Amino acid sequence: MSTKPSSLINAYARLPVSFDRGEGLKLWDDEGSEYIDALGGIAVCALGHSHPSVTHAINEQAKTLLHTSNLFSITHQDNLASKLCELTGMEAVFFGNSGAEANEAAIKISRLHAEAKKIAAPVVITFNGSFHGRTMATLSASGNDKVHSGCHPLVSEFLYLPYNNIEAIEQVADNPNIVAVLVEPIQGEGGIVVPDPGYLTAIRKLCDQHDWLMMCDEIQTGVSRTGSWYASIGQGVMPDVITSAKALGNGIPIGACLTRGQAAGLIQPGHHGSTFGGNPFACRVALAVLDTMETENIPANAHATGEQLKSRLLEALHNRGQVKEIRGQGMMIGVELDTDCSGLVNTGLKNKVIFNVTAGNVVRLLPPCNLNENQVDDIARRVSDSIIEHCETSTAAAHS
Ligand SMILES: *Cc1c(COP(=O)(O)O)cnc(C)c1O
C-alpha cells in the first residue's frame, strides 16, 4: 500500500488492500497474498480475472483498431447489437460506457415516449431501495436518500413506490403523467431483495394496460448473473427496455440500452450520443464475453453454482441466530444479518475472501459465474467462517 498523501478526490472509503494481479477466482495483493474474489469487481468479472478468451480479444483488437467515433459505422458494434438481440429477443441497442449511461438512455427514451404522447410533465415510477447510478438523472431515479444527499435539486419527476408491491402501483395508475416503470428484477445495492414470483409479470401487465414503458435495470442482474442472459427474460417477461453494463465487458467499460417495439424507434439522430460509446475495442471485447458465455453455458452454470453456494451457506449458518436470511438467484446472493455488519468485510479480508456488505447488514456475494464445485465450496467455507467469526466476536463483545 502506498503511504504517499493522496491526490484523489475523497470520493470513496477505501479498504486497506490493493491488488495488482488476478486470475480466475484469485486475486493477489501488492504484498503477494492470495485471495479468492467473491465480489468480482461488483458483478463485473463474471468470467473471472484475466480470462484467456477476453485477454485474446483485448490483445487482437488493441493491435487492430481502438476507436473511430460514431460518425462512422462500426462493425463490432453492429455485431454486438445483433448478438444481444439474438440472445434476448430485443430489437435495437444503444451503447454507452457505463451502467448510469445505459439508464440515462432509458430515461431519455421515456421522455421521448412522453413527448410522442404530448405529456409535458412525465413521471417515471421507481422503487424505494433502488439504485440506478450516480449521474443527476440516475441518482434522482434511485429511491435512496443517501444517494440524493448533497445533489439537490433532483431531476424530476420520479415517483418512488414500495418495491415488491403491485397494489402500490395500481393505486397511482390513474395518474395520466406516468410514462414508464424503471425496475431492478432483484435489487442489488438495496440488499439483494428478491421480489415474489410473478412481480415482473404483473408490472408488464400494468405497463401494457396504461401504455407505460417497462424498463428493467439489469445492470447487476444481467449477462448470466442470475442464471439466464437477463433475469426478466429468464422469467418469461419481455420489457420494452433493458439496461446492461457491469459484466458485459468483464472489466472493459461498456453499457447498453436494449429496446424493442415502440421504444426501439424513439431515439433519432440528434437525440442522443456518446463519443466513446460502442467503440470497436469495447464491442469486440463484449462480443468475446458473450461468445465465451454461450459456448461455456455460463447462464446455466451460474444457476447451478448459485444453488450450490446457497445450500452450502445454509448448511454452515442455519443455526446461527444472527443470520436472518440467505437469499438470491444464481450468483447474486445475500446473507442478511440481524445487525449492521460492515466490519465483516475486514474479517473476510483476514480470511482471504473478498465480498462486500450492502444496505448495512447484507453480506453480498457476486462471484464469477464460471466456477466449478470446488471453487464454490471454497467461497462458502471462507464466507461462512468469516460470518461465524464476526458473530462470535460481536456476541462476546456484547456480553463483556
Ligand atoms: C452498478 C449499477 C448501476 C450503475 O452502474 P455504473 O456503471 O456504476 O454507472 C445502475 N443500476 C444498477 C442496478 C447497478 O447495479
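Residues numbered from 1 in each chain as written. Predicted model: local features only at pLDDT ≥ 70, side-chain atom pairs only at ≥ 80, totals over all residues. Heavy atoms only, no water.

Chemist: Help me out: how do you make sense of the sheet that holds strand β2 (residues 26-29) in this one?
Modeler: Two orientations exist for strands paired in a sheet by backbone hydrogen bonds: parallel and antiparallel. Spatially, the 4 strands line up as an open sheet ordered β1-β2-β3-β13, and their pairing is mixed. Two strands bound the open sheet, and with one partner strand each, they are β1 (19-23) and β13 (353-354). (Pairing = 2+ DSSP bridges. Helix = DSSP H or I, 4+ residues; strand = E, 2+ residues; numbered from the N terminus.)

Chemist: Looking at this model, I keep getting lost on the environment of Arg 134. Mind explaining?
Modeler: Looking at the secondary structure, you find Arg 134 in the loop between β5 (123-127) and α5 (136-141). Using a relative accessible area of 60% as the deciding quantity, one classes Arg 134 as exposed. C-alpha separation for the pair Arg 134 and Tyr 35, spaced 99 residues apart in sequence, amounts to 29 Å. (Buried < 20%, exposed > 50% of the residue type's maximum accessible area, 1.4 Å probe, protein only.)

Chemist: Please clarify how the sheet that holds strand β7 (residues 178-183) should be interpreted in this entry.
Modeler: An order of β4-β10-β9-β8-β7-β5-β6 is seen for the 7 strands of this open sheet, with the pairing classed as mixed. In the strand order of this sheet, the two ends are held by β4 (92-96) and β6 (158-161), each with one partner. Neighbour-to-neighbour, the strand axes of this sheet turn through a mean angle of 20°, independent of strand direction. Inspection of the sheet shows β5 paired to β6 by 4 bridges, in the parallel sense. When the sheet's bridge partners are listed, Phe 127 is paired in β6 with Leu 161. Across the face of the sheet, helix α3 (residues 75-88) comes into contact with β4 and β10 (255-259) while running at roughly 125° to β4. (Axes fitted to C-alpha atoms, helices over the stretch in contact; angles between N-to-C directions. Contact = heavy atoms within 4.5 Å.)

Chemist: Looking at this structure, how should I read helix α8 (residues 199-210)?
Modeler: Along an α-helix, residues three or four apart share an orientation, since each turn contains 3.6 residues. When the terminal C-alpha atoms of α8 are compared, their 17 Å separation across 12 residues agrees well with the 16 Å that a helix rising 1.5 Å per residue should span. All of the buried residues along α8 are Tyr 199, Leu 200, Ile 203, Arg 204, Leu 206 and Cys 207. Looking down the long axis of α8, one finds its buried residues gathered within 165° of arc, a one-sided arrangement. Residues of α8 that are exposed and point more than 90 degrees away from the buried face comprise Lys 205, Asp 208 and Gln 209. Residues of α8 that are buried make contact with β5, α7 (166-172), β7, β8 (213-217) and α9 (231-234). Positive backbone phi, approximately 55°, marks Asp 211, located one or two places after α8. (Expected span 1.5 Å × (residues − 1). Arc of directions from axis to C-beta.)

Chemist: Sorry, what's going on with the site of the ligand here?
Modeler: Around the ligand, the structure places Ser 98, Gly 99, Ala 100, Asn 103, Phe 131, His 132, Gly 133, Glu 184, Asp 217, Ile 219, Gln 220 and Lys 246. In the environment of the ligand, an oxygen atom lies 2.8 Å from a nitrogen or oxygen atom belonging to the backbone of Gly 99. Take Phe 131: an N or O atom from its main chain is 3.2 Å from a nitrogen atom of the ligand. Isolated, the ligand exposes 380 Å² of accessible area, and the fraction of that covered by the protein chains is 81%. (Near = heavy atom within 4 Å. Polar contact = N/O pair within 3.5 Å; in protein donor to acceptor, adjacent residues only side chain to side chain. Areas by Shrake-Rupley, 256 points an atom, 1.4 Å probe, with all protein chains shown as cover.)

Chemist: Mind showing me how you'd approach the pairing of strand β3 (residues 34-37) here?
Modeler: Successive side chains on a regular strand alternate, one facing one side of the sheet and the next facing the other. The pairing of β2 with β3 spans 3 bridges and is antiparallel. Across the sheet, Lys 26 pairs through a bridge with Ile 36, a residue of β3. As paired strands, β3 and β13 are joined by 2 bridges and run parallel to one another. Counterpart to Asp 37 in the pairing with β13 is Ile 354.

Chemist: So what exactly am I meant to see when it comes to the packing of helix α11 (residues 298-317) against helix α13 (residues 373-399) here?
Modeler: Between two packed helices, the angle of one axis relative to the other and the distance separating the axes together describe the packing. At a minimum axis distance of 9 Å, the contact between α11 and α13 shows a crossing angle of 35°. Pair α11 / α13 crosses with right-handed handedness. Contacts between α11 and α13 involve Thr 305, Gln 308, Leu 309, Arg 312, Leu 313, Ala 316 and Leu 317 from the first element and Glu 373, Val 376, Asp 377, Ile 379, Ala 380, Val 383, Ser 384, Ile 387 and Ile 388 from the second. (Left-handed = near helix turned anticlockwise from the far one by under 90°.)

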